[in-house]
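Descriptive structure summary
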Amino acid sequence: SFIDELAAEAGEDPVAFRLRHIDDARTAELIRRTAEEGGWQPRTGPRLHREGEFAFGQGFAHATYVHGTFPGVAAAQAAWMAEVAVNRRTGEVSLTKVLVGQDAGLMINPDGVRHQLHGNVVQSLSRTLTEAVTFDAISVADKDWGAYPLARFEDLPEVRSVLIERPEEPPLGVGESASVPSAAAIANAIFDATGVRMRELPFTPERVRAALAGAPMPRAISAPPPRRRRFARMAATLAAGIAGGLM
């Protein structure tokens, strides 16, 4: 998300800023198509759109997956356009929509690629908003998967994908490439909604509340309370739908 911070300092739209500093036509096409098909709304700063206690935002990010021995080999590229609803009272962040753009060269099984992108979204959402290992004074406090915070079905967003078809190029694989832009896109969406920069994962309600209040970011992650996200998630989704109809 540091690219977005640079764009904000320059007073430029984050997508336009990326395109202005990219000289690779293939990368530029991926960024442009993802933004266009996701309904990107240009801006030079946070829009701070609010409905009641919810704030709504869009965020964009792009990354190239690199693997192998340092400095590594560039492989598939992915871009995210994420939409979030932030409960300004509780600090809960709901990822409501994601559009993933993917350039993996020749895609032998496009449906398999789409399935992989969906899996990347689920895993990334969980890591970005929920997952954390907790500790007591001497050891790890998480003793089983039942107590470990994972995203659930009610947390999942609407997911769409844009596959850049390049049958003349070698296949680059998909793997985890679509996970790489996830946290940055969500952080940028939170900034668009609230004007607050989140730079440390996960973006838990506790941390988001602290950021909104201008308080120091909690360093330790305490064990999560019993989950009550289902109705909060439903409320955020309903509010996002209403807001989308008004925008």
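A brief report on the enclosed structure follows. What you see is a predicted model, and the numbers here were worked out from it, not measured in a lab.

Some remarks on the packing of helix H4 (residues 110-129) against helix H5 (residues 182-194)
- Running from amino to carboxyl end, H4 crosses H5 at an angle of 60°, the nearest separation of the two axes being 9 Å. Considered as vectors, H4 and H5 are oriented oblique to each other. Crossing of H4 against H5: the hand is right-handed. Where H4 approaches H5, its residues Ser124, Thr128 and Leu129 are matched on the opposing element by Ser182, Ala183 and Ile186.
- In the contact of H4 with H5, the residues fall into 3 nonpolar, 3 polar and no charged.

Focus: the nonpolar core
- By size, the foremost hydrophobic cluster in this structure holds 35 residues, and its most contacted members are Trp80, Val84, Leu95, Ile186, Ile190 and Phe203.
- Taken together, the elements giving at least two residues each to this core come down to strand E2 (54-67), strand E3 (73-87), strand E4 (93-103), H4, strand E5 (158-163), H5 and helix H6 (205-213).
- Ranked by residues supplied to this core, first place goes to H5 with 7 residues.
- Core analysis: the next-biggest nonpolar cluster, separate from the first, contains 11 residues, Ala35, Trp40, Ala79 and Val162 among them.

So, the pattern of salt bridges
- Enumeration over the complete set of coordinates arrives at 14 salt bridges.
- One salt bridge connects Arg207 with Glu200, and the closest N-O pair in it is separated by 3.2 Å.
- For Glu200, a relative accessible area of 23% corresponds to the partly exposed category.
- Connected via shared salt-bridge partners are Arg26, Glu29, Arg33, Glu37, Asp103, Arg166 and Glu169.

Notes on the sheet that holds E3
- Taken in spatial order, the 5 strands make up an open sheet running E1-E2-E3-E4-E5, and their pairing is mixed. Strand pairing shows two members of the sheet lacking a second neighbour, strand E1 (49-51) and E5, which therefore form its edges. Recorded for the sheet is a direction-independent mean angle of 25° between the axes of neighbouring strands.
- Of the pairings in the sheet, the one linking E3 to E4 comprises 10 bridges and is antiparallel in character. Bridge pairing in E4 links Trp80 to Val100.
- Sitting on the sheet, H5 is in contact with E1, E2, E3 and E4, with an inclination near 155° to E2.

Some remarks on the pairing of E5
- Here E4 pairs with E5 via 6 bridges, running parallel. By the bridge assignment, Gln102 is partnered in E5 with Leu163.
- Traced from E4 through H4 to E5, the parallel crossover comes out right-handed.

What about unusual backbone geometry?
- Between Phe70 and the following residue, Pro71, the backbone shows a cis peptide bond with an omega angle of 10°.
- Secondary-structure assignment places Pro71 in the loop between E2 and E3.
- Going from Leu201 to Pro202, the amide bond is cis rather than trans, its omega being -10°.
- Inspection of the secondary structure puts Pro202 in the loop between H5 and H6.
- Here Leu48, not a glycine, exhibits a phi torsion of approximately 55°, which is positive.
- On the secondary structure map, Leu48 appears in the loop between helix H3 (25-37) and E1.

Remarks on the environment of Glu29
- Residue position: Glu29 is located in helix H3.
- Taking the relative accessible area as the measure of exposure, Glu29 reaches 29% and is therefore partly exposed.
- Measuring from C-alpha to C-alpha, the distance between Glu29 and Leu19 comes to 9.2 Å, with 10 residues separating the pair along the chain.
- Beyond its immediate stretch of four places on either side in the chain, Glu29 contacts Ile164 and Arg166.

Things to note about the environment of Pro42
- With respect to the helices, strands and loops of the structure, Pro42 is situated in the loop between H3 and E1.
- By relative accessible area, which is 64% here, Pro42 ends up exposed.
- On a C-alpha basis, the gap between Pro42 and Val15 in space is 7.7 Å, while along the polypeptide they are 27 residues apart.

Calculation rules
Within any chain, residue numbers begin from 1 and follow the written order of that chain's sequence. Two thresholds apply to this predicted model, a pLDDT of at least 70 for residue-level local features and 80 or more for giving and counting side-chain atom pairs, whereas whole-chain, interface and lining totals are computed over all residues. Hydrogen atoms and water are omitted, and side-chain values are computed over all heavy atoms in the structure. All axes here are fitted lines through C-alpha atoms, helices being fitted over the stretch that makes contact, and every angle between N-to-C directions spans 0 to 180 degrees. Numbering of helices and strands runs from the N terminus; a helix is a DSSP stretch of H or I covering at least four residues, while a strand is a stretch of E covering at least two. An angle below 35 degrees is read as roughly parallel, one above 145 as roughly antiparallel, one from 65 to 115 as roughly perpendicular, and any other as oblique. Each crossing gets its hand from how the near helix is turned against the far one by less than a right angle, where anticlockwise is left-handed and clockwise is right-handed. Any two residues having at least one pair of non-hydrogen atoms within 4.5 Å are treated as being in contact. Each residue gets one label: Ala, Val, Leu, Ile, Met, Phe, Trp, Tyr, Cys and Pro are nonpolar, Asp, Glu, Lys and Arg are charged, and the others, such as Gly, are polar. Buried Ala, Val, Leu, Ile, Met, Phe, Trp, Tyr and Cys residues that are joined via side-chain atoms within 4.5 Å together make up what is termed a nonpolar core. Residue burial is assigned from relative accessible area. The probe radius is 1.4 Å, only protein chains are included, and a residue is buried under 20% of its type maximum, exposed over 50%, and partly exposed in between. A side-chain nitrogen of Lys or Arg and a carboxyl oxygen of Asp or Glu constitute a salt bridge if their distance falls within 4 Å. When DSSP finds two or more bridges between a pair of strands, those strands are recorded as paired. Handedness of a crossover is defined as follows: with both strands directed away from the viewer, a clockwise route from the first strand across the helix to the second makes it right-handed.

Nothing here speaks to function; it is all geometry.
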